[in-house]
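# Coordinate analysis (summary)
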Amino acid sequence: MSAVRTIRFPGEVAAPGKGGIGESPLRPDGTLKVKGEFAYSSDLWMDGMLWGATLRSPHPRAIIRSINIAPALAITGVHAVLTEEDVPGRKMYGLDHTWDQPVLAIGEVRHHGEPIALVAADHPEIARRALTAIDIDWEVLEPITDPMAVVSAPKRLKVQERGGIARHQPVRVGDITVGRALATVVVTEEFEVGIQDQAFLGPESGMVIPAEDGGLDFYVATQWLHNDLSQIGPCLGLADDQIRMTMAGVGGAFGGREDLSMQIHAGMLAMRTGKPIKMVYNREESFFGHVHRHPAKMLYEYGANAVGKLTYAKVVIVLDGGAYTSATLNVTGNASSLAVGPYEIPHIEIDAYGVYTNNPPCGAMRGFGAVQACFAHESMMDKLAEALELDPVHVRQINAVSQGSKLATGQVVHAPAPLAEMLDQVRAIPLPAALDASDIRNLPGGASQTTHGEGVVRGIGYGVGIKNICFSEGFDDLSTARVRLEVIAGEPVALVHTAAAEVGQGLVTVEAQIARTELGIERVTIHPADNQVGDSGSSSASRQTYMTGGAVKTACEAVRARLLELAIAQGHGPAAQLIGGKVVSETGEVLAAIVDVLNEGVIEETREYHHRPTTGMDPVTGQGSSHTQLALCVHRAVVDVDTELGLVKVVALDAVQDVGKIMNRLSLEGQIHGGSAQGLGLAVMEEIQVKNGKVLNPSFTDYLIPTILDMPPQKLEILENADPHAPYGLRGAGEPPTLSSTPAIASAIRDACRSQGGNVHINRVPVRPEDIIRSS
C-alpha cells in the first residue's frame, strides 16, 4: 500500500509525460549499476600509474620514537616512501576549519588505524610488502576510552592528549524544579547507542594525476568537492586553481565521505613521483579510513501528570567523537537541539557533550546526532506510558508538536504534518498476517533452524523522528548551478552543471527533472560534477534536492527570463507567451518556439541559492532558530521474537512521512526504504566492537548489515504538506526514516518480551540476544 495525500503548492508547474517534477524517470546510472558496468572510483586506470598504500597504527595511543623507511625503499618496485616530514604544506587538516588532524602522524598516534607513512609502488602487493618493511620504535601509552569519565573528570584533560570536551551545549527552558512539582510520575533511564558504520559498498579510492602546469587532477569519490579542495590545497602547498577535482563514481556515502581519506596522501605521492597514483582501500582499511556514527551514553529523566502530559525533561547526552574533531561540534548541536524530540515540554534541562578519546574518530552519518537522541526520547515515551498504564501512541499524541509549537530551543515549528494524525495513520495501516510457523523461513533465525516456533512471540512498537534539514546554526549554506540552453540537431538542449555529489541518492535525476519542468524542454544533460563551477555544498543533511535543486531551478528561471526577453525583442509574441508559460505541449509548440527564438545562439546563466538564514544556539540557554527546516517520520514495527534464544525477525516496518512535495516517487520510496534499513541495522545487528581503543571487527564477516532477507516489506504513506520556504515546497527526505525506525523496532521487542512477563529492560542498541533473554 502506498497512499498519497497531496497538497498543491502555489505556483507548481508540471511537464506531463516528459520526466518533470512529480514523475519518476529512471536513474541514468541504475541499469549500469545493476549490470555491474558502472565505473566506480576503484575502477579508474591509467597507463604508467603507481599504486599508493598507507601504513596505519596498530595502537590507539603511542609515541613514535623513530621510523626507519630504508628497508621499504630498498624493495624493487618501490618509488617513494613518505612520512609527515614530507608533507609539502600545512601538516594538519579537518572539517569546519578545525584543522586538528595530522596528514600523517607527527610524533604520536591517537587512534587505532591512524595513518603514519605512505608508499608508492608498481603493484599493490609490492606496496603492501613495503609497508610491512617500515620499522617503527613505539612507546605504547594507556588510551583514554571512557567518554563519561572525560565529562565527569574534575580537571579537564588536555585536548592534546585526546581527552577533553570538544563542545558542551546546554539547553534551558523554564525551571525543572517547577516541572518536578507538577509531575505525578517520574521515570529515569540510562541509554546507550553503539558505534555504527556507514558500511558503504564502495571502499575509499581514487586517482591523482600530475598536470603539466605543476598542479594535480583529482578523480575522487567524495561528498563535497569544494570542502575537500579547501583542505587539500594548503596541505599540498598548491593554489586552488592548480587543483582540478572531478567526481568519480561513488559507491555509497551516508556521511562517511565528508572527511578526507586518501586525497592528500595520493596527492603527495603524485607530486613526489611525478606519476599518476591510484589508491584503493580494502574492506579492513576502510573501517579505519573513515569516521563512524558517534556512540552515545545518555541519561534521561521525564516527569508527567496523571493524564500523560509531560511536565519536565532532564537530559545528559555524551557523544564520543574519538581522536579528532571531524563533525563532532555540529553533531553535538544537533543532538542537544533535538534531544527531546517533537514534543511540547514546559521545563527542560539538556546538557550535550561531544568529547575526545582515543577511540575511533566519529563524524557524520545519516541522522547526524538526532539518531542517538531519537532512540532515547522514544524509549522514554514508551517507559512513561507503561508507568502510567496508558497507550504509548496516545501519550505521544497528547504531547506532540503542531503548527506554531516551539521546540526545546525555542524554534517555532512551521507547516509540519500534524504529528498526532500521522500516528493515527501509521496505526491504521493493516497489520501483517499472523505468524505461519509451518514455514521455518518465517521464524527468527530462518533456515538455520534455531527454532520451530516455541518461545516465539509477536510485538508491536512505534517510533517518531524529527530531523533538521540542511545546515544549521548560522552556517551560510549555499549551492551553485550553471544552466546552458542551446539548439543541437534542431532541438533545444539544456546542460546542467553543478559540483553536487551524486552519492546514490538520485540527485542527477532530480536535476534533470527540474530543468525539464522549468524550461519546458525534454532533452537535458547533466555535466560531470567538478570544481570548475561554484560550490554546491555537501551531499549530506538531506539538503541537495533542496539546495542544489533550488540553484538549478533559479538558474533555469534566469535562462527562461533571457529567452523571454529575446522572444519579445524579436517580436515573437506567441512564442513569448508559450515560453513564459513553460508548459510542454503535446504538439511541441514550446520546443519549436524556443528553437525559433534561440536559433544558433546560446544562453547560459549561473546562480547561487541560499536558504533562509538560521541562528546559532545560545551557549548558555541553547535558544535560537538554528535549523532551516524540520521533517517528520513515524514508524510502526512488528517483530517476532524468540524470547528463549534472543533472536528477532522484523516482520513489518511501515512508515508515514511528510516530504512536502514528491519530486520523484520511485527515488523517494528508495530513500525511505534505505533509511529504514539502516535504522533496522542499528536496532538489531550493526556495531563496531572496540576494546581498549582497538577495533575488533573490521570486516563484513563480523560487522553485520541487513540483507534483503532481513528487510521486511514496507507499507508507506507519503504526505505532501508544502514548506513555503523551500523549492516546490519540498522537505528533505533521506534521513528521517533512519531516526524513527530504530526505536520502533526496539519498542516492538520490548512489547514482545513484556508479553512473557518479567523485568523488561532493553536500553541499548543494537539489541543483543542476551538483552532479550534477560528481559523475558
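Not measured: the values here are computed from a predicted model.

### Looking at the overall build of the chain
For the chain, the helix and strand inventory stands at 19 helices and 29 strands. Computed over C-alpha atoms, the radius of gyration of the chain comes to 27 Å, within 12% of the 28 Å expected from 2.2 N^0.38 for 776 residues, which places it in the range of a compact globule. Counting only C-alpha atoms and orienting by the principal axes, one finds that the chain spans roughly 75 × 75 × 60 Å. When burial is assessed residue by residue, the chain has 60% of its 776 residues classed as buried. A separation threshold of at least 6 residues defines the contact pool for the chain, and within that pool the share at least 24 residues apart is 81%. Summed over all atoms, the accessible surface of the chain reaches about 28000 Å², with 53% contributed by carbon and sulfur. Here the chain contributes 63 positive and 90 negative side-chain charges, whose respective centroids are spaced 2 Å apart.

### As for the environment of Ser 24
The residue Ser 24 is located in the loop between β1 (2-6) and α1 (30-34) in this model. Overall, the relative accessible area of 32% leaves Ser 24 in the partly exposed class. Each C-alpha atom, one on Ser 24 and one on Asp 477, is 28 Å from the other, the two residues being 453 residues apart in sequence. Other than its neighbours up to four places away in sequence, Ser 24 contacts Asn 664, Arg 665 and Leu 666. At a separation of 3.2 Å, a polar atom in the side chain of Ser 24 contacts the main-chain amide nitrogen of Leu 666.

### As for the confidence of the model for the chain
Detailed reading of the predicted coordinates is not advisable wherever pLDDT falls low. For the chain, mean pLDDT is 93; residues scoring 70 or higher make up 95% of the total. A low-confidence stretch, residues 1-17 stays under pLDDT 50, and its non-local contacts, those more than four residues away or across chains, total 43 contacts.

### Remarks on the pattern of salt bridges
The final tally for this structure, using the stated rule, is 40 salt bridges. Between Arg 768 and Glu 687 there is a salt bridge; the shortest N-O distance is 3.4 Å. On the criterion of sequence distance, the pair formed by Arg 768 in the loop between β29 (764-765) and α19 (769-775) and Glu 687 in the loop between α17 (665-684) and β26 (690-691) is long-range, its members being 81 residues apart. Residue Glu 687 is classed as buried on the basis of its relative accessible area of 10%. Sharing partners across several salt bridges, the network here consists of Arg 27, Asp 29, Lys 33 and Glu 502.

### Observations regarding the nonpolar core
Tyr 300, Tyr 302, Ile 317, Val 340, Ile 745 and Ile 749 are the most contacted members of the largest nonpolar core, which has 84 residues in total. The dominant element in this core, judged by the number of residues it contributes, is helix α10 (residues 370-388), at 11 residues. Apart from the residues lying within four places of it in its own chain, the contact partners of Ile 749 are Val 639, Val 641, Val 648, Val 684, Ile 762, Val 767 and Ile 772. Core analysis: the second largest hydrophobic core is formed by 41 residues, Ala 80, Ala 253, Ala 266 and Met 268 among them.

### Notes on the packing of α10 against helix α18 (residues 736-754)
Two numbers describe how α10 lies on α18: the axes approach to 8 Å, and their chain directions differ by 35 degrees. Relative to α18, α10 is oriented so that their crossing is right-handed. Contacts between α10 and α18 pair Ala 370, Val 371, Cys 374, Phe 375, Glu 378, Ser 379, Asp 382 and Glu 386 from the former with Thr 738, Leu 739, Ser 740, Pro 743, Ala 746, Ser 747, Arg 750 and Arg 754 from the latter. In terms of residue class, the contact of α10 with α18 is built from seven nonpolar, four polar and five charged.

### Focus: the sheet that holds strand β18 (residues 347-356)
Pairing is mixed across the open sheet formed by six strands, whose spatial order is β10-β18-β17-β16-β11-β29. Two strands in the sheet have a free side with no partner beyond their single neighbour: β10 (164-173) and β29. With nine bridges joining them, strand β17 (residues 310-320) and β18 adopt parallel strand pairing. Pairing of Val 316 across the sheet is with Asp 351, part of β18.

### Some points on the packing of aromatic side chains
In the structure shown here, the tally under the stated rule is 10 aromatic pairs. Ring centres of Phe 191 and Phe 375 lie 5.7 Å apart, and the angle between their planes is 80 degrees; this geometry places the pair in the edge-to-face category. Within this pair, whereas Phe 191 is found in strand β11 (residues 185-193), its partner Phe 375 is found in helix α10, the two being separated by 184 residues in sequence. By relative accessible area, Phe 191 is classed as buried at 5%. With a centroid separation of 5.1 Å and an interplanar angle of 80 degrees, the aromatic rings of Phe 471 and Phe 475 are classed as edge-to-face.

### Some thoughts on unusual backbone geometry
The linkage connecting Val 765 with the following residue, Pro 766, adopts the cis geometry, with an omega of 0 degrees. A positive phi angle is found at Ser 542, which is not glycine, with a value near 50 degrees. By the element assignment, Ser 542 lies in the loop between β22 (523-526) and α14 (544-569).

### Remarks on the sheet that holds strand β8 (residues 115-121)
Strand order across the open sheet formed by seven strands is β4-β8-β2-β15-β12-β13-β14, with mixed pairing between neighbours. Since the sheet does not close on itself, it has two edges, and those belong to β4 (78-82) and β14 (243-247), each with one partner. Strand-to-strand twist of the sheet, defined as the mean angle between neighbouring strand axes without regard to direction, takes the value 20 degrees. Note: strand β12 (residues 205-210) against strand β15 (residues 277-280), four bridges, orientation antiparallel. Bridge assignment links Ser 205 to a residue of β15, and that residue is Val 280. Lying on the sheet, helix α3 (residues 124-133) is in contact with β2 (50-56), β4 and β8; it crosses β2 at an angle near 30 degrees.

### Looking at the side chain of Asp 771
Topologically, Asp 771 is positioned in helix α19. Overall, the relative accessible area of 6% leaves Asp 771 in the buried class. There is a polar contact of 2.8 Å between the side chain of Asp 771 and the side chain of Arg 774. With residues near it in sequence (within four places) discarded, Asp 771 still touches Ile 762, Arg 764 and Pro 766.

### Some remarks on the pairing of strand β20 (residues 478-488)
Summarising burial for β20: eight of the 11 residues are buried, a large majority. Sheet topology note: the β20/strand β23 (residues 602-610) ladder contains nine bridges and is antiparallel. From the neighbouring strand, Thr 480 faces β23, where its bridge partner is Glu 608. Here seven bridges tie β20 to strand β21 (residues 491-497), and the two strands are oriented antiparallel to one another. Note on β21: the bridge partner recorded for Ile 488 is Glu 491. In this structure, the hairpin formed by β20 and β21 is closed by a connection of two residues, where Ala 489 is found at a positive phi of approximately 55 degrees.

### Some remarks on the side chain of Ser 740
Note that Ser 740 resides in helix α18. What makes Ser 740 buried here is its relative accessible area of 0%. Contact partners of Ser 740, with chain neighbours within four places excluded, come to Cys 374, Gly 463, Val 464, Gly 465, Cys 633, Val 634 and His 635.

### Regarding the packing of helix α13 (residues 507-519) against α14
It is at 9 Å that the axes of α13 and α14 come closest, and there the two elements cross at 30 degrees. By the angle class used here, α13 and α14 are roughly parallel. Here the hand of the crossing between α13 and α14 comes out right-handed. Facing α13, whose interface residues are Leu 507, Val 510, Glu 511, Ile 514, Ala 515, Glu 518 and Leu 519, α14 presents Gln 544, Thr 545, Thr 548, Gly 549, Val 552, Lys 553, Cys 556, Glu 557, Val 559 and Arg 560. By residue class, the composition of the contact of α13 with α14 is eight nonpolar, four polar and five charged.

### What about α14?
In this model α14 runs 36 Å from its N-terminal to its C-terminal C-alpha over 26 residues, within 8% of the 38 Å that 1.5 Å per residue would give. Positive phi shows up at Gly 571, right after α14, with a value of about 80 degrees.

### Focus: helix α11 (residues 392-399)
By the burial criterion, the buried members of α11 are Val 393, Val 395, Arg 396, Gln 397 and Asn 399. Check the buried side of α11 and you find it contacts β17, α10, α12 (419-428) and β19 (456-469).

Parameters at a glance
- Residues numbered from 1 in each chain as written.
- Predicted model: local features only at pLDDT ≥ 70, side-chain atom pairs only at ≥ 80, totals over all residues.
- Heavy atoms only, no water.
- Helix = DSSP H or I, 4+ residues; strand = E, 2+ residues; numbered from the N terminus.
- Rg over C-alpha atoms; globule rule 2.2 N^0.38 Å.
- Buried < 20%, exposed > 50% of the residue type's maximum accessible area, 1.4 Å probe, protein only.
- Contact = heavy atoms within 4.5 Å.
- Areas by Shrake-Rupley, 256 points an atom, 1.4 Å probe, with all protein chains shown as cover.
- Lys, Arg positive; Asp, Glu negative; His and termini not counted.
- Charge placed at Lys NZ, Arg CZ, Asp CG, Glu CD.
- Polar contact = N/O pair within 3.5 Å; in protein donor to acceptor, adjacent residues only side chain to side chain.
- pLDDT = per-residue confidence, 0-100.
- Salt bridge = Lys/Arg side-chain N within 4 Å of Asp/Glu carboxyl O.
- Core = buried A, V, L, I, M, F, W, Y, C linked by side-chain atoms within 4.5 Å.
- Axes fitted to C-alpha atoms, helices over the stretch in contact; angles between N-to-C directions.
- Left-handed = near helix turned anticlockwise from the far one by under 90°.
- Nonpolar A, V, L, I, M, F, W, Y, C, P; charged D, E, K, R; others polar.
- Pairing = 2+ DSSP bridges.
- Phe/Tyr/Trp six-rings, centres within 6.5 Å; stacked < 30°, edge-to-face > 60°.
- Parallel < 35°, antiparallel > 145°, perpendicular 65-115°, else oblique.
- Expected span 1.5 Å × (residues − 1).

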